[in-house]
Amino acid sequence: MQLKLLNKPAVKTIHTEYGDIIDCVDFYKQPAFDHPLLKNHTFHYGYAVARTRSGSNKFLGAGAQEISLHNPHASGSQYSAAKIKIQNGPDSIEVGWRVDPSLYGDSQTRLFIRLDVRFIIVRSDIPLDWAFHRISQPFGDIFFITAYIVKDKVNGNRWLLFEEEHIAVGFWPKRIFTGLGDLANSVEWGGEVFSPPGTPKPPMGAGHFAIGSRRVDSFFGPIAVLNEYGQTVDPDNVEEFADNKKLYNVRNKGIEKDFGRVILYGGRGGSTGV
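Criteria and thresholds
- Residues numbered from 1 in each chain as written.
- Predicted model: local features only at pLDDT ≥ 70, side-chain atom pairs only at ≥ 80, totals over all residues.
- Heavy atoms only, no water.
- Helix = DSSP H or I, 4+ residues; strand = E, 2+ residues; numbered from the N terminus.
- Buried < 20%, exposed > 50% of the residue type's maximum accessible area, 1.4 Å probe, protein only.
- Contact = heavy atoms within 4.5 Å.
- Areas by Shrake-Rupley, 256 points an atom, 1.4 Å probe, with all protein chains shown as cover.
- Pairing = 2+ DSSP bridges.
- Salt bridge = Lys/Arg side-chain N within 4 Å of Asp/Glu carboxyl O.
- Polar contact = N/O pair within 3.5 Å; in protein donor to acceptor, adjacent residues only side chain to side chain.
- Phe/Tyr/Trp six-rings, centres within 6.5 Å; stacked < 30°, edge-to-face > 60°.
- Lys NZ or Arg CZ within 6 Å of the ring centre and 35° of its normal.

Asks: Residues and numbers for the overall build of the protein chain, please.
Replies: For the protein chain, the helix and strand inventory stands at two helices and 18 strands. Of all 274 residues assigned to the protein chain, the portion counted as buried reaches 48%. Summarising the internal contacts of the protein chain: among those between residues at least 6 apart in sequence, 64% fall at separations of at least 24. Of the roughly 14,100 Å² that the protein chain leaves accessible, carbon and sulfur atoms contribute 51%.

Structure follows, in structure tokens:
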């Protein structure tokens, strides 16, 4: 009713299993942006990712055996995250960890998946906002999560596999997708941060530029993709991309012996006037 009064009709309505009704509006049409100070402003996401190069890519899935856990400082409306993203056209799926005080009400490092599309949970013992209390320390213990997103070749659903045992946590139904109803054609591994306009950017990953060592850097590895034939292969055709190289970086370290391909990323955050 309120959206109708504001002349902002919902583009999608979600009915949750708990009886909640969630009306979704276009991101740029949400009521908050009617405020004079928020009109015509831009958003400040800083990315540092390794991504598959454009071309004739066809992936059933992707993931990483180890996604190192960190607790970068984020406050207010800031967030800092590490994620795997698969995409085809308008459809994308993300999984990783995130520090987001405005979303979770605390500054803990938590599991997250992208939930603007329907996700069917099959394991209630693994909460989708799981708080991780063991955090990696430079030159100390390394703690990590394992995550893969894999398409079921029989029914087309995309499953989230979690932890070293590849536990099936839940799935995104094929019917909700257009592009990802087929194969993915793009994969990313890396960090993402956000801060409101005019405020400093939060740290990413381990909180410093990646220098080339899993002992101190935030990392994904060994990373892998599942090709169209269902074979797990090394994604050797990846490129590095960071949109603010003064604050963040990413390094494709290549294949480490007896381990696999490693992606290192991170940054101190701060302000560069952008």
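Asks: Give me the pairing of strand β14 (residues 218–227): which residues, what numbers.
Replies: Along β14, 10 of the 10 residues are buried, which leaves the element largely enclosed by surrounding structure. Relative to β14, strand β4 (residues 59–68) runs antiparallel, the two sharing seven bridges. In the sheet register, G61 faces β14, and the bridge partner there is L226. Pairing of β14 with strand β18 (residues 260–267) involves three bridges; the strand directions are antiparallel. If you follow F220 over to β18, its bridge partner there is I263. Hairpin connection of β14 to strand β15 (residues 232–233): four residues between the antiparallel strands, including G230 at a positive phi of 85 degrees.

Asks: Can you lay out unusual backbone geometry for me, pointing to particular residues and giving the numbers?
Replies: Omega for the peptide link from G221 to P222 comes to -15 degrees, which places this bond in the cis form. Tracing the sequence through the fold places P222 in strand β14. At F139, a position not held by glycine, the phi torsion is positive, near 60 degrees. Residue position: F139 is located in the loop between β9 (131–132) and β10 (144–151). Phi is positive for E163, close to 70 degrees, though the residue is something other than glycine. With respect to the secondary-structure elements, E163 resides in the loop between β11 (158–162) and β12 (167–172).

Asks: Outline the pattern of salt bridges, listing residues and values.
Replies: Applying the stated criterion across every chain, the model contains 11 salt bridges. Across the salt bridge formed by K83 and E192, the nearest N and O atoms sit 2.6 Å from each other. In this pair, K83 sits in strand β5 (residues 79–88) while E192 sits in strand β13 (residues 186–195), placing the two residues 109 residues apart along the sequence. The residue R114 makes a salt bridge to E94 at a minimum N-O spacing of 3.9 Å. Here the residue R114 occupies a position in the loop between β7 (109–113) and β8 (120–121), and E94 occupies one in strand β6 (residues 91–99), the gap between them amounting to 20 residues. Taken together, the salt bridges that share partners define one network made up of K83, E94, R114 and E192.

Asks: Lay out the side chain of R110 with the relevant residues and their values.
Replies: Residue placement: R110 occurs in strand β7. At 2.7 Å, the side chain of R110 and the backbone oxygen of D129 are in polar contact. With residues up to four places along the chain from it excluded, the contact list for R110 reads G96, W97, R98, Y104, D129, W130, A131 and F132.

Asks: With reference to specific residues and values, describe the packing of aromatic side chains.
Replies: A full pass over the atoms with the stated rule returns six aromatic pairs. Ring plane angle 65 degrees and centroid distance 4.7 Å describe the contact between F119 and W172, whose orientation is recorded as edge-to-face. Of the two residues, F119 sits in the loop between β7 and β8 while W172 sits in strand β12, which places them 53 residues apart along the sequence. Assigned by exposure class, F119 and W172 land together as buried. Three or more aromatic residues link up through ring pairs in this structure, and these residues are W130, F132 and F162. Between R51 and the ring centre of F241, over which it is positioned, the NZ or CZ distance is 4.3 Å.

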